[in-house]
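The chain contents come next:
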Amino acid sequence: GSPMEYQLHASTPQAAGGVRTICVHGLPNDVRLRELRNLAVLLPGYESCHLAPGDGRRLVTGFVRFDSPTSAAHACERLQGLQFDEEMPHMRPLAVEIARRDLDDDRGGSSRRDAAPAYAAFTSYAARSVAPPPYPH
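Fair warning: this is a prediction, and the values are worked out from it, not measured in the lab.

Reading the values: rules and limits
Residues numbered from 1 in each chain as written. Predicted model: local features only at pLDDT ≥ 70, side-chain atom pairs only at ≥ 80, totals over all residues. Heavy atoms only, no water. Helix = DSSP H or I, 4+ residues; strand = E, 2+ residues; numbered from the N terminus. Buried < 20%, exposed > 50% of the residue type's maximum accessible area, 1.4 Å probe, protein only. Contact = heavy atoms within 4.5 Å. Core = buried A, V, L, I, M, F, W, Y, C linked by side-chain atoms within 4.5 Å. Salt bridge = Lys/Arg side-chain N within 4 Å of Asp/Glu carboxyl O. Pairing = 2+ DSSP bridges. Axes fitted to C-alpha atoms, helices over the stretch in contact; angles between N-to-C directions.

*Asks:* I keep staring at the overall build of the protein chain and nothing clicks. Help me out?
*Replies:* Per the secondary structure count, the protein chain includes 3 helices and 4 strands. Ordered by position from the N terminus, the helices and strands of the protein chain form the series α-β-α-β-β-α-β. Expressed as a percentage of its 137 residues, the buried residues of the protein chain come to 41%. In the protein chain, once contacts between residues fewer than 6 apart in sequence are set aside, the share between residues at least 24 apart is 67%.

*Asks:* Is there a simple way to explain the nonpolar core in this structure?
*Replies:* As a rule of thumb, nonpolar side chains are buried together in soluble globular proteins. With 27 residues, the main nonpolar core has Ile22, Val24, Leu51, Val64, Phe66 and Val96 as its most contacted residues. Looking at this core, the elements that each hand over two or more residues are strand E1 (21-25), helix H2 (33-40), strand E2 (46-52), strand E3 (61-66), helix H3 (69-79) and strand E4 (95-98). If near-sequence neighbours (up to four positions away) are discounted, Val64 is found in contact with Arg20, Thr21, Ile22, Val24, Leu36, Ala40, Tyr46, Ser48 and Cys49.

*Asks:* Just checking my understanding: could you explain the pattern of salt bridges for this structure?
*Replies:* Pairing is possible between side chains that carry opposite charge, provided their charged atoms lie close to one another. Per the counting criterion, the structure on display carries 2 salt bridges. Notably, a salt bridge pairs Arg65 with Glu47, separated by 2.9 Å at the nearest N-O pair. Taken as a pair, Arg65 in strand E3 and Glu47 in strand E2 lie far apart in primary sequence, 18 residues in all. Given a relative accessible area of 7%, Arg65 falls into the buried group. Ionic contacts of the salt-bridge type, sharing partners, join the residues Arg20, Glu47 and Arg65 into one network.

*Asks:* Would you mind going over the pairing of E1 with me for this structure?
*Replies:* Across a regular strand the side chains alternate sides, sitting on one face of the sheet and then on the other. A large share of E1 lies buried, amounting to 5 of its 5 residues. On E1, burial covers both faces: Thr21, Cys23 and His25 on one face and Ile22 and Val24 on the other are all buried. Note that E1 and E3 share 4 bridges and pair antiparallel. Counterpart to Cys23 in the pairing with E3 is Phe63. The sheet contact formed by E1 and E4 spans 4 bridges and is antiparallel.

*Asks:* Sorry if this is basic, but what is going on with the sheet that holds E4 here?
*Replies:* In a beta sheet, neighbouring strands pair by backbone hydrogen bonds and run either parallel or antiparallel. Taken in spatial order, the 4 strands line up as E2-E3-E1-E4 in an open sheet, and their pairing is antiparallel. Looking at the sheet topology across the chains shown, the edges are occupied by E2 and E4. Averaged over all pairs of adjacent strands, the angle between strand axes in this sheet comes to 20°, irrespective of strand direction. Its contacts with the sheet place H2 against E2 and E3, and it is angled at close to 150° to E2. Along the sheet, H3 contacts E1, E3 and E4; its crossing angle with E4, the most-contacted strand, is approximately 165°.

*Asks:* When you look at the pairing of E2 in this model, what are you seeing that I'm missing?
*Replies:* The buried count for E2 comes to 6 of 7 residues, which makes it a mostly enclosed element. Across 6 bridges, the pairing between E2 and E3 is antiparallel. The partner of Cys49 across the bridge, within E3, is Val64.

The following block contains the structure:
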């Protein structure tokens, strides 16, 4: 392929163990599932999404499932560093990673508060701290 094509593939994060779900950190606390879905539906291979509400210790985390690990890896690349809300320039850009495991069909699109604690298993980030990871400039 072309040099540009090579660069795109060379910088694509490797999907861990065939996982096709991504974790989206740095969403504002008032984010709605519809807003996450409207962003994700533009990405190739989108299947479903879920918001795990913050609980005081953790911020809201978005989970988005795609049709393949490759689609998930490309979505990571596209969303990484995106300024989610331009009316809130003080917010850090999005930090995106491949989830530890896939979003289940029965959880896609739900927003039940009692489901939130289970999401700690999806991401290494959730257990660390409330502050988003530092964004390289």
